[in-house]
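Observations on chain architecture
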Amino acid sequence: NPASAPSDIRWTVYTEADGLPGGGTASIRPLADGMIWVIQAASGGSLNIFDGQSWRGTPLSDLGIQGDCSNPVQTRDGTVWLSARYVVHAFREGRWTSYRRPEVPIPSAQNLLHESADGALWIIGPGTEIRRVDYQTSAWSGLQGLNFHWESPEGTQWFLSREGRVVRRDRGVWTSFGSEDGAIDAPVALLGTRRGEVWIAGSHAGVAATARYQGGRWERFVHPNFAWSIDARALAETADGSVWFGAAVDSRGPSEHRAGLLQ
């Protein structure tokens, strides 16, 4: 609402006239030294650095980097990481290093990067696999059959397994939850809320279902009048604290299925 916005906010638009190339999808990352990196991911992508006054652009090909790189992340040691399909690039102490398949076990996807609370770098391949890298040593480790979904502010990590179980890693202790604990038998997505609750969504006994983990126990909710399942792409928490779920595709089958959204 412009009427309620603070009067000291001033917007500035940067275009090609300011030295910022157009085209491609822009990924933005403020760095610890005050610089702002903008990666334009395209066939002729570029790295654009803003020092607060002016832009300096360099084609990614001049740096030996694939043009479709995106998702810049700076880890606490100062290294800046970029990801692309089959490769992860690292910029440290003024030099670029590339890690590629098959020399290193990077997921075969357009990867997402995330630094966890313990300082490890997670390389997440949507729909494929996940790798946890302690890059300060030569050790690489993979978690077979697990799909990472959320890390709480306290550092607890939550996964879903290929067997349909919820897996938690809390201070080095692994715990597996199933329908016998009050969870659902076919979870497809997991959501952590600002209040610290954990929600899973999917189906139970062939009917759309959700479950909430709070206070050390699971509470299951079955939604027979909604759909046969919750869609893995359709869950979110809104600003008012509500949790929303969307029906899986092809849910308008039996007459009792109303599909749509569930709040």
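In this report, we go over the structure that sits alongside the text.

Scoring rules and cut-offs
Residues numbered from 1 in each chain as written. Predicted model: local features only at pLDDT ≥ 70, side-chain atom pairs only at ≥ 80, totals over all residues. Heavy atoms only, no water. Pairing = 2+ DSSP bridges. Helix = DSSP H or I, 4+ residues; strand = E, 2+ residues; numbered from the N terminus. Axes fitted to C-alpha atoms, helices over the stretch in contact; angles between N-to-C directions. Salt bridge = Lys/Arg side-chain N within 4 Å of Asp/Glu carboxyl O. Buried < 20%, exposed > 50% of the residue type's maximum accessible area, 1.4 Å probe, protein only. Polar contact = N/O pair within 3.5 Å; in protein donor to acceptor, adjacent residues only side chain to side chain. Phe/Tyr/Trp six-rings, centres within 6.5 Å; stacked < 30°, edge-to-face > 60°.

**Let's talk about the sheet that holds strand β11 (residues 130-133)**
Spatially, the 4 strands line up as an open sheet ordered β9-β10-β11-β12, and their pairing is antiparallel. Strand pairing shows two members of the sheet lacking a second neighbour, β9 (112-115) and β12 (140-142), which therefore form its edges. Geometrically, the sheet is characterised by an average inter-axis angle of 25° between neighbouring strands, direction not taken into account. Examined bridge by bridge, strand β10 (residues 121-124) and β11 share 4 bridges and lie antiparallel to one another. Looking at β11, one finds that isoleucine 123 is bridged to arginine 131.

**Considerations on the sheet that holds strand β8 (residues 95-100)**
Judged by pairing direction, the sheet is antiparallel, and its 4 strands sit side by side in the order β5-β6-β7-β8 without closing on themselves. The strands lining the two open edges of the sheet, one partner per strand, are β5 (70-74) and β8. When strand polarity is set aside, the average angle formed by the axes of neighbouring strands in this sheet is 20°. As judged from the 3 bridges shared by β5 and strand β6 (residues 80-84), these two strands associate in the antiparallel manner. Pairing of serine 70 across the sheet is with serine 83, part of β6.

**Topic: the pattern of salt bridges**
Enumeration over the complete set of coordinates arrives at 10 salt bridges. Two residues, arginine 165 and glutamate 180, come together in a salt bridge whose shortest N-O distance is 2.8 Å. Taken as a pair, arginine 165 in the loop between β14 (157-161) and β15 (166-170) and glutamate 180 in the loop between β16 (173-177) and β17 (186-192) lie far apart in primary sequence, 15 residues in all. Of the residues examined, arginine 165 reaches a relative accessible area of 26% and is grouped as partly exposed. With its nearest N and O atoms 3.5 Å apart, the salt bridge here joins arginine 195 to glutamate 197. Arginine 195 sits in the exposed class, given a relative accessible area of 55%.

**Observations regarding the side chain of histidine 223**
Here histidine 223 is to be found in the loop between β20 (217-222) and β21 (230-237). A relative accessible area of 17% means that histidine 223 is categorised as buried. Here threonine 210 takes part through its side chain, which lies 3.0 Å from a polar atom of the side chain of histidine 223.

**Considerations on the packing of aromatic side chains**
All told, the structure shown has 19 aromatic pairs when counted by the stated rule. Geometrically, the ring pair formed by phenylalanine 91 and tryptophan 96 is tilted, given 4.9 Å between the ring centres and 45° between the ring planes. Looking at phenylalanine 91, the relative accessible area reads 23%, which means it is partly exposed. Three or more aromatic residues joined by ring pairs make a cluster, and in this case those are Trp122, Phe148, Phe159 and Trp174.

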